[in-house]
Amino acid sequence: MKKILSLFTLVVLLCGFTTAPKSTNEEKAMQSITGFYDAMKVFDYDGFDKYCTDDFSVIDAGVYYKNLDAFKAQVKNYESATIEKIKLEPFLSDFDGKQGLILLKFTIEGKFQGENLHIVALENYVMEKEHGNWLIAFCQSTPIEE
């Protein structure tokens, strides 16, 4: 009995020191979110479409954009910006079949109209699986102070 208890304790301890790998769903969804920002970084408006559902919408800093075209129109206002760095740090995700949710910390650095640009936001993404790809259906971005 002592051997079984010792073996059980050893297994529990070893399991406690391993980390679970990210789910394949989270990795694939993050590829879409990263691709979306890569397209945004170079103002590739057609590139946005690859990563979003047809009924995409977004709330950015309290402003609601009912579709991707409305959001693209807003992004065009920043074409003179130079984006030096975008950092995405997911801290929570949940996937169930054809839908998923990712919460992350977003940081962007660059220059806009001669000024340094530094924005930190908490973002949540509702993802939908279409034809084997995770696409962004909805995003909410809330700027925060670090």
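Since the structure is predicted, the reported quantities are computational estimates derived from the model, not experimental observations. (Residues numbered from 1 in each chain as written. Predicted model: local features only at pLDDT ≥ 70, side-chain atom pairs only at ≥ 80, totals over all residues. Heavy atoms only, no water.)

(A) Representation of the overall build of the protein in the model. Of the regular secondary structure elements, the protein holds four helices and six strands. Mapped in sequence order, the helices and strands of the protein form the string α-α-α-β-β-α-β-β-β-β. A burial count over the protein gives 33% of its 146 residues as buried. Residue pairs at least 24 apart in sequence account for 50% of intrachain contacts in the protein once pairs closer than 6 positions are excluded. As presented, the protein carries roughly 9600 Å² of accessible surface, and 55% of it is formed by carbon and sulfur atoms. (Helix = DSSP H or I, 4+ residues; strand = E, 2+ residues; numbered from the N terminus. Buried < 20%, exposed > 50% of the residue type's maximum accessible area, 1.4 Å probe, protein only. Contact = heavy atoms within 4.5 Å. Areas by Shrake-Rupley, 256 points an atom, 1.4 Å probe, with all protein chains shown as cover.)

(B) Inspection of the pattern of salt bridges at higher detail. Inspection of the entire model under this criterion finds one salt bridge. Asp49 serves as the salt-bridge partner of Lys72, at 2.8 Å between the closest nitrogen and oxygen. Here the residue Lys72 occupies a position in helix H4 (residues 68-75), and Asp49 occupies one in the loop between helix H3 (45-48) and strand E1 (52-60), the gap between them amounting to 23 residues. For Asp49, a relative accessible area of 39% gives the class partly exposed. (Salt bridge = Lys/Arg side-chain N within 4 Å of Asp/Glu carboxyl O.)

(C) Just the pairing of strand E4 (residues 99-112), in detail. Pairing of strand E3 (residues 82-96) with E4, which is carried by 13 bridges, proceeds in the antiparallel orientation. Directly across from Phe95, in E4, lies its bridge partner Gly100. If you look at the hairpin formed by E3 and E4, you'll find two residues sitting between the two strands, and Gly97 has a positive phi there, around 65 degrees. Bridge analysis of E4 against strand E5 (residues 115-130) gives 14 bridges, and the strand direction is antiparallel. If you follow Glu109 over to E5, its bridge partner there is His118. Counted between consecutive antiparallel strands, the loop separating E4 from E5 contains two residues, among which Gln113 sits at a positive phi close to 50 degrees. (Pairing = 2+ DSSP bridges.)

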